[in-house]
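A look at the structure
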Amino acid sequence: MTEVCTPPTSHPYIEDNLTVVYTIDSYKQVEFQYQSQQSNDRKVYFATRRDSGDPLCIKFTQGYGEKAHRAVAALGIAPKLRAVEGLPMKWLMVIMEDI
């Protein structure tokens, strides 16, 4: 089952085995499956890519320094940023490698 990802509510809950899609290179869709939430008070989740099994970290936020993240990732200080997807109500879904 593929669903459109919506931003978490103030009490985020994402079902196990929910498959979500993000886009890379403006055309390729990548499916992932949520595995767990970092903690109940944060909008940070762990997931797995369905095609490769690679671990991902998914963060929901209303503001993000994408350019800064890419710069520090290039230095090896931060995990590689896979995508930043715009969502309804000015939310962003930030997808990065899980370290």
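The following refers to the structure shown.

Thresholds, definitions, all that
Residues numbered from 1 in each chain as written. Predicted model: local features only at pLDDT ≥ 70, side-chain atom pairs only at ≥ 80, totals over all residues. Heavy atoms only, no water. Helix = DSSP H or I, 4+ residues; strand = E, 2+ residues; numbered from the N terminus. Buried < 20%, exposed > 50% of the residue type's maximum accessible area, 1.4 Å probe, protein only. Contact = heavy atoms within 4.5 Å. Areas by Shrake-Rupley, 256 points an atom, 1.4 Å probe, with all protein chains shown as cover. Patch = residues over 30% accessible without salt bridge, like charges linked within 9 Å, V, L, I, M, F, W, Y side chains within 5 Å. Salt bridge = Lys/Arg side-chain N within 4 Å of Asp/Glu carboxyl O. Phe/Tyr/Trp six-rings, centres within 6.5 Å; stacked < 30°, edge-to-face > 60°. Core = buried A, V, L, I, M, F, W, Y, C linked by side-chain atoms within 4.5 Å.

Looking only at helices and strands, one finds one helix and seven strands in the chain. Split into buried and exposed, the 99 residues of the chain put 37% on the buried side. Partitioning the contacts of the chain with sequence separation of at least 6, the portion at a separation of at least 24 is 41%. Summing over all exposed atoms, the chain offers an accessible surface of approximately 6300 Å²; the carbon and sulfur share of this is 49%.

Moving on, we get to a nonpolar patch on the surface. Together, V72, L75 and I77 give the surface a local cluster of nonpolar side chains, amounting to about 310 Å² of exposed area. With respect to the helices, strands and loops of the structure, L75 is situated in the loop between helix 1 (66-74) and strand 6 (81-86).

One pass over the full model with this rule turns up four salt bridges. Among the salt bridges present, the one from E31 reaches R50, with a minimum N-O distance of 3.7 Å. With E31 in strand 3 (residues 28-37) and R50 in the loop between strand 4 (44-49) and strand 5 (55-61), the pair connects residues that are 19 residues apart, well separated along the chain. A salt bridge links E97 to R82, with the shortest nitrogen-to-oxygen separation between them at 2.7 Å. Pair noted here: E97 is in strand 7 (residues 92-97) and R82 is in strand 6, with a separation of 15 residues, a long-range link.

What follows deals with the packing of aromatic side chains. Evaluated as defined, the whole model comprises three aromatic pairs. Centroid distance Y34 to Y45: 5.7 Å. Interplanar angle 70°. Geometry classified as edge-to-face. With Y34 in strand 3 and Y45 in strand 4, the pair connects residues that are eleven residues apart, well separated along the chain. Here Y45 falls in the buried class, since its relative accessible area comes to 2%. With a centroid separation of 5.8 Å and 80° between ring planes, the pair formed by Y45 and F60 is classed as edge-to-face. Placement of Y45 in strand 4 and of F60 in strand 5 is noted, with a sequence separation of 15 residues between them. As far as burial versus exposure is concerned, Y45 and F60 are alike and both buried.

Inspection of the secondary structure puts M93 in strand 7. Sequence-wise, M93 and K59 are 34 residues apart; in three dimensions their C-alpha atoms are separated by 5.8 Å.

One finds Y22, F32, I58, F60 and M93 to be the most contacted residues of the largest nonpolar core, which totals 14 residues. The set of elements that each furnish at least two residues to this core consists of strand 3, strand 4, strand 5 and strand 7. Counting five residues, the second-largest nonpolar core is a separate cluster that includes V44, C57, L81 and V94.

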